[in-house]
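Descriptive structure summary
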Amino acid sequence: MAFPSAPSALWIVGLLTVLLGAAVHSNVVYYDDPLQPTTKDETVAVGGTVTLTCQVAETDNSSLQWSNTAQQTLYFGEKRALRDNRIQLHRSTPTELSITIAEVQLSDEGEYTCSIFTMPVRMARATVTVLGVPSKPQISGFEDPVREGETVTLTCTSTGSKPPASLRWYRGDVELEGGPDVVESVPDSPTYNVSSELTLKLSRDDNDALITCAVNHDSLKPQDKRTDQALRVLYSPNAEIKPESDLPREGEKFYLRCSGNSNPEPSTYIWQKKDGELPPLAKIDDAYLRFEMLNKSDNGVYLCHADNGIGDSMAEYTLLVQDPADPDSLLASPPTSTSTPTPDVSDSSPSPASSSDAPATTTLSNELFPDLSFAPDSSATSSPTPPPLTASVGTAHPASSFAPSIAATSFAPSRPASTLTPSVTVGLNGVHTVTDPTAMSTGSGVDHAVIGGVVAVIVFILLCLLIVLGRYLIRHKGTYLTHEAKGSDDAPDADTAIINAEGGQSGSEDKKEYFI
């Protein structure tokens, strides 16, 4: 049997030592070796795409190579070595070799090797970590409605996560404290199942509330997966009586409505009147008590009993019927205080009623009516405009002893104090005349306008007639020469007039006619 020579054996041992050192220190980067390849670890979720990059600082025209976890060559330079359509060449240069792996699976996890065939062979390893994406959480433990005050336990479960996911509980935006996460490994799979429990004592405020279970995992960042569970709580009524109007009036229709405020809604309503029977015109319509026509005899305390099978409740309402609305009282002005100052009859200054711009029928003279008294509105004392007057003249007397009496009465003005206008009511011989200066001034203004318009139209028509007549006279004025037979006036007919006129033309006189 032949043995290798000593130099050959030493060479083989040296080569094995180099390979072993490269395998042990594959991830060690020798920054002082420009031909040493460099890589970095990658993390990717199941179904994603990962890019593996191998680089060297310098090259001696040696090719770079990527191998998978089974040491199968994936790419040697630009050449594909393994037929797997998920693996594609991303970039190939003398100093870089990058490949991509799409639709990553859990089986793709492991160490990938980048090699450069120099002397000695240099290698670098990159670890690919594949994350198992957790499933959407499922909530169990709540199928049927729960009565108020009872306790319910909810369980949230999520499967397929790697590494194990974490679960969180929320009520709206508020995080709840649930039980610790229970992690279970899946047989024949690197993934895990995670579950958590939440125990709640329910009240009526929890009805229709949303309880949320959220699963957090690195493969889902920055978001998470959530599932909502609506709670249904059964609780007894909390009866309340609501009136149709806060001001019920006599003679009007009216109703009371009993609100149960429960889940489910009350199935039975019972109406009663405290210390008496219901009015004969009151009708029960399930949750409503209707009054066709309110009467003050309907006043009293009314009770409503509501029952929904979970419990019952009673509410009461005191009905107080008001008097019917009086339209006249709504339109009437509130009474105003008045004062009756006595005018100074010796004052020679004209009274406000005898101002130059007031109508003649409102002019009152202190000398003619010495007993006149005024009652101005107190609100108008600060206004320079005279207060309104209301005066009545007594029975007329003969001219020799004419002494009418005038009694002043209070008057509430309907106009603002700044626009008050005097008005006088005068009664002579039982005939009363009311004079409103504002109305008179307005009416007189309208009459003057109408009269002025009519006069203008008449003047315009006359001018037109004169113009037409003048033009006609100018056109038809002139002198006309006629040769009438002398003596023809006495002729019985035209022939005789012609015979008689023969020979008499020379002595005839010219006649002129003027048409006027």
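Notes on the structure follow. (Residues numbered from 1 in each chain as written. Predicted model: local features only at pLDDT ≥ 70, side-chain atom pairs only at ≥ 80, totals over all residues. Heavy atoms only, no water.)

With that out of the way, let us pick up the packing of aromatic side chains. Under the defined criterion, the tally for this structure stands at four aromatic pairs. With a centroid separation of 6.0 Å and an interplanar angle of 55 degrees, the aromatic rings of Phe76 and Phe117 are classed as tilted. Taken together, the residues span a long stretch of sequence, with Phe76 in strand S4 (residues 73-76) and Phe117 in the loop between strand S8 (110-116) and strand S9 (122-131) at a distance of 41 residues. Classification of Phe117 by relative accessible area gives partly exposed; the value is 42%. An aromatic cluster of at least three residues, connected via ring pairs, comprises Phe254, Phe291 and Tyr302. Over the ring of Tyr170 we find Arg226, and its NZ or CZ is 4.8 Å from the ring centre. Note that Arg290 overlies the ring of Tyr288, its terminal NZ or CZ placed 4.7 Å from the centroid. (Phe/Tyr/Trp six-rings, centres within 6.5 Å; stacked < 30°, edge-to-face > 60°. Helix = DSSP H or I, 4+ residues; strand = E, 2+ residues; numbered from the N terminus. Buried < 20%, exposed > 50% of the residue type's maximum accessible area, 1.4 Å probe, protein only. Lys NZ or Arg CZ within 6 Å of the ring centre and 35° of its normal.)

Attention now goes to unusual backbone geometry. The omega torsion across Lys162 and Pro163 is -5 degrees, close enough to zero to call that bond cis. Within the secondary structure, Pro163 is located in the loop between strand S12 (151-161) and strand S13 (166-171). The phi dihedral of Asp286 falls on the positive side, at around 55 degrees, and the residue is not glycine. Tracing the backbone through its elements, the reader meets Asp286 in the loop between strand S23 (282-285) and strand S24 (288-291).

Right, let's talk about the state of the cysteines for a bit. Evaluation of the coordinates by the stated rule reveals three disulfides. What pairs with Cys54 in a disulfide is Cys114, and their sulfur atoms sit 1.7 Å apart. On the S-S bond that ties Cys54 to Cys114, the torsion sits near -75 degrees, and the link is left-handed. Of this pair, Cys54 sits in strand S2 (residues 50-55) while Cys114 sits in strand S8, and the two are 60 residues apart along the sequence. The disulfide that involves Cys258 links it to Cys304, with 2.0 Å between the sulfurs. (Disulfide = S-S within 2.5 Å.)

Turning our eyes to something else, we now look at the environment of Gly77. If you trace the backbone, Gly77 turns up in the loop between S4 and strand S5 (79-80). A relative accessible area of 16% places Gly77 in the buried class. Through-space distance from the C-alpha of Gly77 to that of Leu64 is 5.5 Å; in sequence the pair is 13 residues apart.

Turning to its location among the elements, Arg86 is positioned in the loop between S5 and strand S6 (87-93). What makes Arg86 buried here is its relative accessible area of 19%. Polar contacts involving the side chain of Arg86 include one to the side chain of Asp108, which spans 2.9 Å. Those residues in contact with Arg86, other than ones at most four positions away along the chain, are Thr100, Ile101, Ala102, Glu103, Val104, Gln105 and Asp108. (Polar contact = N/O pair within 3.5 Å; in protein donor to acceptor, adjacent residues only side chain to side chain. Contact = heavy atoms within 4.5 Å.)

A separate point is the pairing of strand S16 (residues 192-201). Note that S12 and S16 share nine bridges and pair antiparallel. Note on S16: the bridge partner recorded for Thr153 is Thr199. When strand S15 (residues 182-185) meets S16, the two strands line up antiparallel, connected through four bridges. Residue pairing for S16: Ser185 is matched across the bridge by Tyr192. The turn linking S15 back onto S16 is made up of six residues, and Asp188 within it adopts a positive phi angle of 60 degrees. (Pairing = 2+ DSSP bridges.)

Looking now at the pattern of salt bridges. Under the definition given, this model contains 12 salt bridges. A salt bridge links Lys162 to Glu109; its shortest N-O distance comes to 2.7 Å. Separated by 53 residues along the polypeptide, Lys162 in the loop between S12 and S13 and Glu109 in the loop between strand S7 (96-101) and S8 bring together distant segments of the chain. Using a relative accessible area of 13% as the deciding quantity, one classes Lys162 as buried. For Glu109, a relative accessible area of 32% corresponds to the partly exposed category. Notably, a salt bridge pairs Arg168 with Glu175, separated by 3.8 Å at the nearest N-O pair. (Salt bridge = Lys/Arg side-chain N within 4 Å of Asp/Glu carboxyl O.)

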